[in-house]
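# Commentary on secondary and tertiary structure
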Amino acid sequence: MNNNLRNNTNLKLALFIVLVSFISSTGYGQNKAPEKVLFTLDIAEDATASVLARVMQAEVAPISEIKFEKGTYHFYPDLGLEKFVHISNHNDVIVKTAFPLNGFKNLTIDGQGSSFIFHGRMIPFLIDNATNITIKNVSVDWAQSFHSEATVVANNNEEHTFDIQISNEYPYEIRNEQLIFVKEYYEHDFGQAILYDPIRKAISFDTEAYTSLALYKKVNVSRNIDNIKYKYPTDRQDPDKRIIGREYNMVFKEIKPGLVRIYNHKKKLPEVGKIIVSKGEQQHNRLAPAFRVSNTIGFNATNVNVHHAGGMGLIAENSENLILDAFNVTPSKGRMVSTSADATHFVGCRGKVVLKNCILTNQLDDATNVHGTYQIIQDIKDEYTLGIRMGHFQQQGYVIGRTNDKIGFLRLSNSFFPFANNSIKSIKNINSRYQIITFNEKLPADLKVGDLIENLDAYPELTVENCTIKNNRARGLLISTPRKTVIKNNFFSTEMEAILIPVESGHWYESGSASDLLITGNTFQDCQHSGFNRGVIRFDTDDYNENIAFKNITIENNTFNQFDNLILQVKNTDGLLFKENTITNSGTFPQLHTSNPAIRIEHSKNVQFKKNKYKGKATKILEADDSVGKLKFK
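Residues numbered from 1 in each chain as written. Predicted model: local features only at pLDDT ≥ 70, side-chain atom pairs only at ≥ 80, totals over all residues. Heavy atoms only, no water.

## As for the pattern of salt bridges
Pairing between side chains of opposite charge can happen when their charged atoms approach one another. The condition is simple: Definition used for salt bridges: Asp or Glu carboxyl oxygen within 4 Å of a side-chain nitrogen of Lys or Arg.
As enumerated under the stated definition, the model contains 30 salt bridges in all. One connected set of salt bridges, linked through shared partners, spans Glu497, Arg534, Arg538, Asp540 and Lys571.

In structure tokens:
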């Protein structure tokens with residue numbers, strides 16, 4: 001063998017040995033047993049870097065369990081992993097995290113009673129493409145909240161102004177006569193606001209008479225705006241379009257440090273002693289949910305407390321089999337508010353969704369919302385291919401389904417149910433608002449631009465049991481799933497509907513409808529106390545026609561202890577049994593809508609009442625149109 005050949009051979013052998021050593025040292029190429037990791041209070045001052053480093057090593061050094069020595073751990077964004085994320089019903093944002101759980105399988109995170117305190121724009125748990133993830137025994141909170149609170153201390157009817165006292169917990173500036181609350185890594189204007197009653201620690205009675213605030217007014221100078229033409233449909237809720245034609249209406253002036261006077265309010269002046277809660281404008285105030293779960297099969301949260309989040313407590317998208325047991329959303333530190341949006345929210349999920357033994361209170365939106373998405377047919381490219389547009393700016397980037405999922409085609413003016421279906425062959429994302437879907441079979445010949453699609457496979461069975469839902473803004477449960485749903489043994493005391501069953505296709509584009517729903521053994525206490533003229537349980541559609549949308553509903557053995565009349569509001573329903581329910585008047589608040597019946601039914605059929613007890617104040621218990629035929633409350 002010549003020297004050159006020998007040298008080349010030796011070099012290759014040396015490189016091979018180095019490569020094998022590298023593979024052995026890093027763990028690539030071998031099946032390591034997953035490790036159990038314990039973090040101690042040594043990292044508590046800022047746990048971000050240590051936790052992130054170990055999580056990011058998991059590909060080569062797998063983890064089966066992460067435990068934390070019991071204590072309080074702070075997480076700052078400065079050393080967190082930065083990601084741009086599209087999040088359903090949230091803003092599309094750049095956020096940072098210490099827990100990027102992407103692709104993990106069979107992982108348990110056990111806080112052992114610890115508190116995790118986050119700072120600024122972080123998503124505590126960012127879970128994607130994962131399998132069998134369990135998180136337990138941990139509390140999530142923020143050092144500074146994404147909302148702000150102030151006490152109403154005076155009002156002046158002659159000048160129609162009111163004064164608010166702002167504590168040191170909520171730093172602020174006044175810029176160009178606007179009140180700006182300044183946080184760590186974040187700030188917001190007054191924006192969306194609502195009143196809380198500090199005695200009840202709940203949304204104030206009849207808050208609709210006082211809020212929302214008229215933050216904007218029509219601009220005085222607007223030239224040739226109508227000359228701007230868009231080739232394609234636009235979303236007027238988009239942040240870059242919503243401000244067109246509007247300017248600030250309200251004026252804020254500091255009277256002395258911490259005391260601010262508010263001018264140009266258009267509704268009744270808020271009562272002295274009430275807490276006014278502000279979270280900034282809708283286009284900017286949903287950016288940091290506590291848990292974001294996407295494309296995941298098997299997620300369990302047990303004994304988890306979410307005390308705050310700059311968005312939802314949990315948002316789950318395109319995931320399967322999610323069990324929340326003692327997943328509690330409650331405020332801390334004397335705050336009126338927990339999360340600044342929904343406590344929990346499920347979009348395009350399947351399998352089972354279970355909420356049991358949960359306490360969901362004081363959030364600034366619904367306790368839970370379960371739905372799919374309608375997407376709009378933008379163009380028909382050929383016999384197999386459609387261009388699809390997202391309807392709402394906070395649905396951008398959402399992918400409607402997987403290969404071979406069953407897709408329904410709808411024209412809601414004709415029916416709330418699909419007139420045809422097909423299955424997905426492939427989806428190509430062109431941009432965050434526009435996707436191209438190719439189907440396995442030819443499209444219906446009568447399909448039109450403007451029709452809607454929905455994923456018929458992406459709805460879960462839902463159980464909500466032994467939960468307490470109260471003191472929040474908005475509704476208790478929004479239910480838009482045609483799968484079996486059981487709402488059992490819960491307590492509701494909500495500002496709006498306790499249970500809303502909608503078909504919603506013109507604003508949020510949230511698809512689905514109830515077709516196998518049991519509501520049993522629940523207590524409804526003084527719901528709809530904010531002033532809206534709506535039922536405690538309401539079935540409704542935003543496409544106002546007489547078509548059937550909801551089927552096979554049973555409401556039995558519930559207690560309604562209400563201050564006002566309207567208990568049940570039914571539209572577009574085929575098959576509803578209302579039996580063995582007890583309705584009483586609580587006397588907690590004065591009645592707001594004394595002319596209402598207890599039950600109102602429209603565009604429905606096959607409705608029955610059996611063995612109910614009515615002890616309320618309505619002069620007429622049942623009001624129904626001709627669609628239901630002869631009907632008697634009993």
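The rest of the description comes next.
## Describing the packing of aromatic side chains
Operational definition: Between the rings of Phe, Tyr and Trp (Trp by its six-membered ring), a pair exists once the centres lie within 6.5 Å; its type follows the angle of the planes, with under 30 degrees stacked, over 60 edge-to-face, and the other angles tilted. Only DSSP runs of H or I covering at least 4 residues are called helices, and only runs of E covering at least 2 are called strands; the numbering of each starts at the N terminus. By definition, being over a ring means that NZ of Lys or CZ of Arg is both within 6 Å of the ring centre and within 35 degrees of the ring normal.
Counted by the stated rule, this structure contains 31 aromatic pairs. With centroids separated by 5.6 Å and ring planes inclined at 80°, the aromatic side chains of Phe205 and Phe563 adopt a geometry described as edge-to-face. Of the two residues, Phe205 is situated in the loop between β16 (202-203) and β17 (216-218) and Phe563 in the loop between β47 (559-562) and β48 (568-571); the sequence distance between them amounts to 358 residues. Sitting over the ring of Tyr263, Lys253 keeps its end group 5.3 Å from the ring centre. A cation over an aromatic ring shows up here: Lys551 above the ring of Phe417, its NZ or CZ 4.6 Å from the ring centre.

## What to know about helix α2 (residues 48-56)
The line we're drawing: Relative accessibility decides the category of a residue: with a 1.4 Å probe and only protein chains considered, values under 20% of the type maximum give buried, values over 50% give exposed, and everything between is partly exposed. Arc definition: directions from the helix axis to the C-beta atoms. Two residues form a contact once any of their heavy atoms are found within 4.5 Å.
Along α2, the positions that sit buried rather than exposed are Thr48, Val51, Leu52, Arg54 and Val55. Axial view of α2: buried residues confined to an arc of 165°, hence all on one face. Packing partners of the buried residues in α2 comprise β1 (35-39), β2 (63-68), β3 (72-75), β4 (81-85), β5 (93-97) and β6 (100-102).

## Notes on unusual backbone geometry
The peptide bond linking Thr211 to Ser212 adopts the cis configuration, its omega dihedral lying at 10°. One non-glycine residue, Asn318, adopts positive backbone phi at about 50°. Along the chain, Asn318 turns up in the loop between β24 (314-317) and β25 (320-329). Even without glycine at this site, Asn404 takes up a positive phi of about 75°. Its location among the elements puts Asn404 in the loop between β31 (385-389) and β32 (406-410). In this structure Asn404 comes out as exposed when scored by relative accessible area, which is 52%.

## Observations regarding the sheet that holds β16
Rules: Strands were regarded as paired on the criterion that DSSP finds at least two bridges between them.
In space, the 7 strands of this open sheet follow the order β16-β15-β21-β10-β11-β20-β19, with antiparallel pairing throughout. A strand with exactly one partner marks an edge of an open sheet, and here the two such strands are β16 and β19 (251-256). One ladder, built from 4 bridges, connects strand β15 (residues 193-197) with strand β21 (residues 275-278); its direction is antiparallel. Paired with Ile194 across the two strands is Val277, which belongs to β21.

## Regarding the side chain of Gln363
Among the secondary structure elements, Gln363 is positioned in the loop between β28 (359-361) and β29 (368-373). With a relative accessible area of 0%, Gln363 lands in the buried category.

## Notes on the pairing of strand β51 (residues 599-602)
Two strands pair when backbone bridges link them, and β48 and β51 are joined in this way by 4 bridges, in the parallel orientation. Bridging from a neighbouring strand, Gln569 pairs with Arg600 of β51. As paired strands, β51 and strand β54 (residues 622-624) are joined by 3 bridges and run parallel to one another. Along β54, the bridge assignment pairs Arg600 with Glu623.

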